[in-house]
Amino acid sequence: MAITDTTPRQKATSRTPLMIAAAVVVVMGAMALDTTVVQIGSDLDARKQAFSPDAYGAAQFPAIQSSVTERAIDAAKLATELTADKAAAIAAYGVGDGIGPVIPVRLTGVVANGRSGIYDVTVAGVPDTIRIRVQTGPAINGTDLRDATGDIAFGAFTNQIEYQDAGAGINRAMSEAILSDVDRDALTGRTLTVTGVFKLINPKNWLITPVEFDVQ
């Protein structure tokens, strides 16, 4: 009867734990090299936290409001300049060149009928051929405030969703700051003074998102 030599198998078996241990050490070393220690409260820790549109909006709105207020052009003057030379008016007052440049404007007018929180406003010195509407909420649409200064760029955000959410957060911050006490049911017939912005998609149809709102 043949006798089988088991010695090599035993040597291989004895080496196996050492090989596994070595592999574990290599893997753990690689993980350690690829790991960044983040101190709680540091800038890196803040970047790793989930994006908060409302916190972002609250932080950004005061600067947007200040910029728009400083640059706003009288509505009657703007209407005249747009009619005379649209390109020149855009170059003088517009920000951005996407769907439409965002233009800051200031007006005082009488509130006409509205729907869904958007009211027509009749402004002295502005031709009847130009329709002016003002958003009063509670829902504020668009990204006009986000795009009003040209300082907030897509590249600062993780993706398109976060970029859109930033605009919504700014809208909510504005609404909370200047529209929370507005009695929308009692606006018709009142005199309204507004500073705000609109995207110049149609020069004869302005939908203004306010940064200052005063009912007289």
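Residues numbered from 1 in each chain as written. Predicted model: local features only at pLDDT ≥ 70, side-chain atom pairs only at ≥ 80, totals over all residues. Heavy atoms only, no water.

### A look at the environment of isoleucine 64
What counts, and what does not: Where helices and strands are cited, they refer to DSSP runs of H or I of at least four residues and of E of at least two residues respectively, numbered from the N terminus. In what follows, a contact means two residues having at least one pair of non-hydrogen atoms within 4.5 Å.
For isoleucine 64, the location among the structural elements is in helix α3 (residues 53–71). Remark: the alpha-carbon pair of isoleucine 64 and valine 211, spanning 147 residues in sequence, is separated by 8.1 Å. When near neighbours in sequence (up to four residues on either side) are disregarded, isoleucine 64 contacts Leu145, Ala148, Thr149, Ile152 and Ile170.

### A few points about the environment of arginine 71
Mapped onto the fold, arginine 71 is located in helix α3. Here the alpha-carbon distance between arginine 71 and threonine 195, two residues 124 residues apart in the chain, equals 9.9 Å. Look past the residues within four positions of arginine 71 in its chain and what remains in contact with it is Tyr93, Val95, Pro104, Ala148 and Thr149.

### With respect to the nonpolar core
Just so we agree on the cut-off: We call a set of buried residues a nonpolar core when its members are Ala, Val, Leu, Ile, Met, Phe, Trp, Tyr or Cys and they connect through side-chain atoms within 4.5 Å of each other. Buried, partly exposed and exposed residues are distinguished by accessible area as a fraction of the type maximum, computed with a 1.4 Å probe on protein chains only: under 20%, between the cut-offs, and over 50%, respectively.
Judged by nonpolar contacts, the single largest core of 47 residues is most densely connected at Leu78, Trp206, Ile208 and Phe213. In terms of residue count, the dominant contributor to this core is helix α6 (residues 160–179) (seven residues). In this view, isoleucine 208 contacts Val105, Leu107, Ile132, Arg133, Val134, Gln135, Val194, Gly196, Val197 and Phe198; residues no more than four positions away in its chain are not counted.

### As for the confidence of the model for the protein
Here is the rule we go by: pLDDT expresses, on a scale from 0 to 100, how confident the predictor is about each individual residue.
Across the protein, the average pLDDT comes to 86, with 77% of residues at or above 70. When the criterion is pLDDT under 50, residues 7–13 qualifies, and its contacts beyond four places in sequence or with other chains add up to zero contacts.

### Comments concerning helix α4 (residues 75–84)
Quick reminder of the rule: Working definition: the arc comes from the directions between the helix axis and the C-beta atoms, pointing outward to the latter. Under the rule applied, a polar contact is a pair of N or O atoms within 3.5 Å (in protein, one hydrogen donor and one hydrogen acceptor; residues adjacent in sequence only if both atoms are side-chain atoms).
Of the residues making up α4, those classed as buried are Ala75, Ala76, Leu78, Ala79 and Leu82. Along the long axis of α4, the arc covered by the buried residues comes to 160°, so they all point the same way. In α4, those exposed residues whose orientation departs by more than 90 degrees from the buried face are Thr80 and Ala84. Buried residues along α4 sit in contact with β1 (73–74), α5 (86–93), β2 (102–115), β3 (118–123), β5 (191–199) and β6 (205–215). Among the residues of α4, the N-terminal cap falls to aspartate 74, whose side-chain oxygen and the backbone nitrogen of alanine 76 are separated by 3.1 Å.

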